[in-house]
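Per-entry structural report
Single-letter residue listing:
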Amino acid sequence: MAKYVGQRIKRTEDPRLIQGLGHYVDDIKLPDTLHVAFLRSMYAHAKIKSIDTSEAAHAPGVVAVYTGKDVAGKIGPVPCAAALPGLKIPHYPVLAGDHVTFVGHPIAAVVAIDKYAARDAIDLIMVDYEELPVVVDVEEAAKGGPLVYEEYGDNIAYKLTSGEGDIEAALAASDHVIKQRIVHQRLIPIAMEPRGVLARYYPGEKELTIWTSTQIPHLARTQLAIMLGVPENKVRVIAPEVGGGFGSKLNVYAEEGLVGWIAMQLGKPVKWIEGRRENFQSTIHGRGQIGYIEVGCKNDGTITGLRYNVFADMGAYLQLLTPAIPTLTGLMLSGCYKIPAIQMNVTAVFTNKMSTDAYRGAGRPEATQVIERAADLVAAELGMDPVEVRRKNFPEPTEFPFKTATGLFYDSGNYQGALDKALGMADYTKMREDQKKAREQGRIFGIGVSTYVEICAIGPSAATPAGGWESATVRIEPTGKVTILTGASPHGQGQETSFAQLAGDELGVDLNDVTVIHGDTSIVQYGIGTFGSRGTAVGGTAVFNALQKLKEKATQLAAHLLGVDASSVTFKEGRFSVEAAMAAAGGNGDSAKEASAPKTVSIQEVALAAHVAHQIPPGFEPGLSATNFFEPSNFTFPFGTHIVQVEIDRETGKIDIQRYVAVDDCGNVLNPMLVDGQVHGGIVQSIGQALYEEAVYDEQGQLVTGTLMDYAIPKAAMVPWMELDRTETPSPVNPMGVKGVGEAGTIGATPAIVGAIVDALSPFGVRHLDMPIKPEVVWRIISASA
């Protein structure tokens, strides 16, 4: 019986964090560390005619000043790993040469004895700019508009059509075809800790160590080695406490390469810690799509086809996965539904703004918003309950694995079960009755439903730019303590705890005797990293498989110590045992030896024997460790139902989320407390997108929402009580049956919130609203009807 797996166990990593004992990049102090500050472009688009750094170079405390000319040809460009037909990848150097393309574009770097001297010297650099026309509107950019890169002749980064089925025939045969423009506004990830880099170079050993707040330490090492022209086995990347990522640290940035190079030039440690304003301007943004839906349906609510034409804002240059995000949107357009024909037409465009890339959900929140709004529009068109439209189009649980018209095979699902459980928790029938009474009283009351599915365990290598497998090594030390080395790089997901739970149960050891190590490329075998809800479903499976291999090896030695054949040995709660009768039957013929042999031995005793190696069988390798590289055969597809009840204040337009019910299915659950925490966080970020958050650029390309004074995020008082539960439908893709949950709340929540508000305002003729839905927008709708 599992002692740890499935239990609500507090995170073992939390005590150091809540006591301020964790180590983030800025907490790492090395002697004689120099500090870097960046001069960034104040213009969204300009030519650089000249840069004068002479005054800055002679400022007090300044050690060096670097511009684009100083590093040209010495550091490779910022990498983009995506590969698509016809994709244009602009050359993006770590410091601008003669052309800047967005506000925040790094132009020069000042190195000084402290960060204050470096920042002061930045103000002494004189740049002569020639302003160029700016394009910020994604649809204008697609039509032509001012060119971000003249050499391309247009602003199109790529075009792509995906999907299966005859969309023209499907729409033509529909009883109704509903069209809707939909906006997925730009968001700024705002991790708790901004980015940071510390680099140290040992010239004798020719070894470069880089501490950086990254989600992908091994992939970062590979890319940085290429950028700097350093042998990869001479580069060590360490990801200490990251302070939140949400995809924004799933990249290799200019600052990482440049800080490493400066450390090599100066022979001293060099540090850069991002300021919050820099973080807004120069760390990737999320979302940024404007699309046009055409959904066809029959009179009974059957959805017959979906076409989605989308303009995707790439920003000024392409980060590691920028072009891949819209393709994820296309893959998930079927949602939870049996739709025979789906087509997505992507037009990806350059604009004079910071790049977009993966932000919690990465293309799947956009897809879910599209298909769930489409389901609501069908319901409104036909006068049906939104729940019935959804139920009408679900595949049956027996139809899995289920092939979609986007080319995916959903692994397992029971969408009806999650929906029914959520409806029961919410008492949906009574909720609708309450709505009717509220409207009779003149109150503005709405209910929203979202049934979502997401693609997780970003996985099969053939479908990823840089490998989709994951690695793990499990080692039992001579003293019996257990060490797990995981190629995943958790930074808030709780895998230091959940992986220890796995080891505790599989090896029969105490949870506190297990240490999980990650994020150090000189200690941990090569791994892919943590993103796309893959940490447990892929990385955890590698740990699980390594544990099985380790137990097999330990069983061989235990059998030798017990004087029996390995097939006679059982392992339970940390001990290898054999019954006396089994020992006699399975022994090696030396009855005296068998009589004196112990009939039980602990895993700790076996570990010690494996290291001392005095009593090991012929051919047995000393030590007790095992490594596994797990390559998944498919993605996993978690799902769920979210139901939201809102009431709107008629006088102010203020939206009050009165109830939030969520039933999520992430397969088998290792730690319910960790799952709840991930769902909570995801829902809060969705509340931010639905009601408050929006990255706004003006016509000159200036980021208007450039600080937390201007960019609204939810505060505690804005967050409702969440009623959470789950169903468990195991995945056949991995032996643990887990699916992933890190992005579930972010994906399932926004359509439910938007749907509730639109439902509340439906008596005012509203059928759709774009996010963020602010009180002013709602108040104007109400006031216009007065």
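The structure presented is a predicted model; accordingly, all values stated were derived computationally and were not measured. (Residues numbered from 1 in each chain as written. Predicted model: local features only at pLDDT ≥ 70, side-chain atom pairs only at ≥ 80, totals over all residues. Heavy atoms only, no water.)

Looking at the nonpolar core
- Core analysis: the biggest nonpolar cluster contains 135 residues, and Leu-258, Tyr-410 and Ile-643 have the highest contact counts within it.
- Of the residues forming this core, the biggest block, eight residues, is contributed by helix H11 (residues 364-382).
- Two domains each donate at least three residues to this core, and these are domain 1 (14-132 + 192-244 + 249-282) and domain 2 (289-456 + 634-785).
- Setting aside chain neighbours within four positions, we find Tyr-410 in contact with Met-332, Ser-334, Gly-335, Phe-400, Pro-401, Phe-402, Thr-404, Tyr-415, Val-453 and Phe-637.
- By size, the runner-up hydrophobic cluster in this structure holds 48 residues, among which are Ala-503, Phe-544, Val-601 and Ala-626. (Core = buried A, V, L, I, M, F, W, Y, C linked by side-chain atoms within 4.5 Å. Buried < 20%, exposed > 50% of the residue type's maximum accessible area, 1.4 Å probe, protein only. Helix = DSSP H or I, 4+ residues; strand = E, 2+ residues; numbered from the N terminus. Domains from an automatic or database assignment. Contact = heavy atoms within 4.5 Å.)

Comments concerning the sheet that holds strand S23 (residues 575-577)
- Read from one edge of the open sheet, three strands run S22-S23-S24, paired in antiparallel fashion. Whereas interior strands pair on both sides, the edge strands pair on one side only; in this sheet they are strand S22 (570-572) and strand S24 (600-602). For this sheet, the mean inter-axis angle between neighbouring strands, taken without regard to orientation, is 25°.
- Of the strand pairs in this sheet, S23 and S24 are connected by three bridges, and their pairing is antiparallel. Its bridge partner lying in S24, Arg-575 is registered against Ser-602. (Pairing = 2+ DSSP bridges. Axes fitted to C-alpha atoms, helices over the stretch in contact; angles between N-to-C directions.)

Things to note about the pairing of strand S13 (residues 286-297)
- The buried count for S13 comes to eleven of twelve residues, which makes it a mostly enclosed element.
- Where strand S8 (residues 176-187) meets S13, eleven bridges bridge the pair, whose relative direction is antiparallel. Bridge assignment links Lys-179 to a residue of S13, and that residue is Glu-294.
- Bridge count between S13 and strand S14 (residues 303-315): nine bridges; the pairing is antiparallel. The partner of Gln-289 across the bridge, within S14, is Ala-312.

Observations concerning the domain arrangement of the protein
- Along its sequence, the protein is carved into domain 1 (14-132 + 192-244 + 249-282), domain 2 (289-456 + 634-785) and domain 3 (469-630).
- One C-alpha centre belongs to domain 2, the other to domain 3; they are set 43 Å apart.
- Facing 17 residues of domain 2, the contacting portion of domain 3 comprises 16 residues.
- With both chains or domains summed, domain 2 and domain 3 bury close to 1,200 Å², and 66% of this area falls on carbon and sulfur atoms.
- Where domain 2 touches domain 3, the interface holds zero salt bridges.
- For the interface between domain 2 and domain 3, the tally reads four residue pairs in polar contact (both at pLDDT 80 or more). (Buried area = accessible area lost by both parts, 1.4 Å probe. Salt bridge = Lys/Arg side-chain N within 4 Å of Asp/Glu carboxyl O. Polar contact = N/O pair within 3.5 Å; in protein donor to acceptor, adjacent residues only side chain to side chain.)

Digging into helix H12 (residues 386-393)
- When H12 is considered as a whole, its buried residues turn out to be Pro-386, Val-387, Val-389, Arg-390 and Asn-393. Angular distribution of buried residues about the axis of H12 spans 165°; they occupy a single face of the element.
- Turning to H12, the residues buried within the fold contact S14, H11, helix H13 (415-426), helix H14 (428-440) and strand S18 (444-453).
- At the N-terminal boundary of H12, the capping side chain belongs to Asp-385, with an oxygen 2.8 Å from the backbone nitrogen of Val-387. (Arc of directions from axis to C-beta.)

Section: the side chain of Thr-641
- Following the sequence through the fold, Thr-641 ends up in strand S26 (residues 639-648).
- Here Leu-419 takes part through its backbone nitrogen, which lies 3.4 Å from a polar atom of the side chain of Thr-641.
- Not counting the four nearest positions on each side in its chain, Thr-641 is found in contact with Ala-418, Leu-419, Ala-422, Val-449, Ser-450, Thr-451, Tyr-452, Val-661, Ala-662 and Val-663.

Things to note about the sheet that holds strand S2 (residues 46-52)
- With antiparallel pairing, three strands are arranged side by side in an open sheet as S4-S2-S6. At either margin of the open sheet sits one strand with a lone partner, and together these are strand S4 (99-100) and strand S6 (126-131).
- In this sheet, S6 lies alongside S2 in antiparallel orientation, the contact comprising six bridges. Along S6, the bridge assignment pairs Ile-48 with Tyr-129.

Looking at helix H19 (residues 603-612)
- Here H19 has its buried residues at Ile-603, Val-606, Ala-607, Ala-609 and Ala-610. Down the axis, H19 shows its buried residues gathered within 165° of arc, on one side only.
- Residues of H19 that are buried make contact with strand S19 (470-476), helix H15 (495-507), helix H16 (535-562), S22, S23 and S24.
- Downstream of H19 by a residue or two, Ala-613 has a phi angle that is positive, lying close to 65°.

Things to note about unusual backbone geometry
- Each neighbour pair has its own omega, and for Phe-400 with Pro-401 the value is 0°, a cis peptide bond.
- Note that Pro-401 resides in the loop between H12 and strand S16 (402-403).
- A cis geometry characterises the amide bond from Met-771 onward to Pro-772, with omega recorded as -5°.
- Assignment of secondary structure puts Pro-772 in the loop between helix H21 (744-761) and helix H22 (775-784).
- With a phi close to 55°, Asp-427 is a non-glycine residue in the positive phi region.
- Structurally, the position occupied by Asp-427 is in the loop between H13 and H14.
- Exposure remark for Asp-427: the relative accessible area of 39% places this residue in the partly exposed category.
- Phi angles above zero are rare outside glycine, and Ala-457 is one such case at about 50°.
- Tracing the chain through its elements places Ala-457 in the loop between S18 and S19.

A closer look at the pattern of salt bridges
- Inspection of every chain in the model, using the stated rule, returns 42 salt bridges.
- In this structure, Asp-385 engages Arg-432 in a salt bridge whose closest nitrogen and oxygen atoms are separated by 3.9 Å. With Asp-385 in the loop between H11 and H12 and Arg-432 in helix H14, this residue pair connects regions lying 47 residues apart in the sequence.
- The class of Asp-385 is partly exposed, set by a relative accessible area of 26%.
- Arg-432 sits in the buried class, given a relative accessible area of 18%.
- What you see here is one network of salt bridges that share partners, running through Arg-40, Arg-195, Glu-255, Glu-274 and Glu-278.

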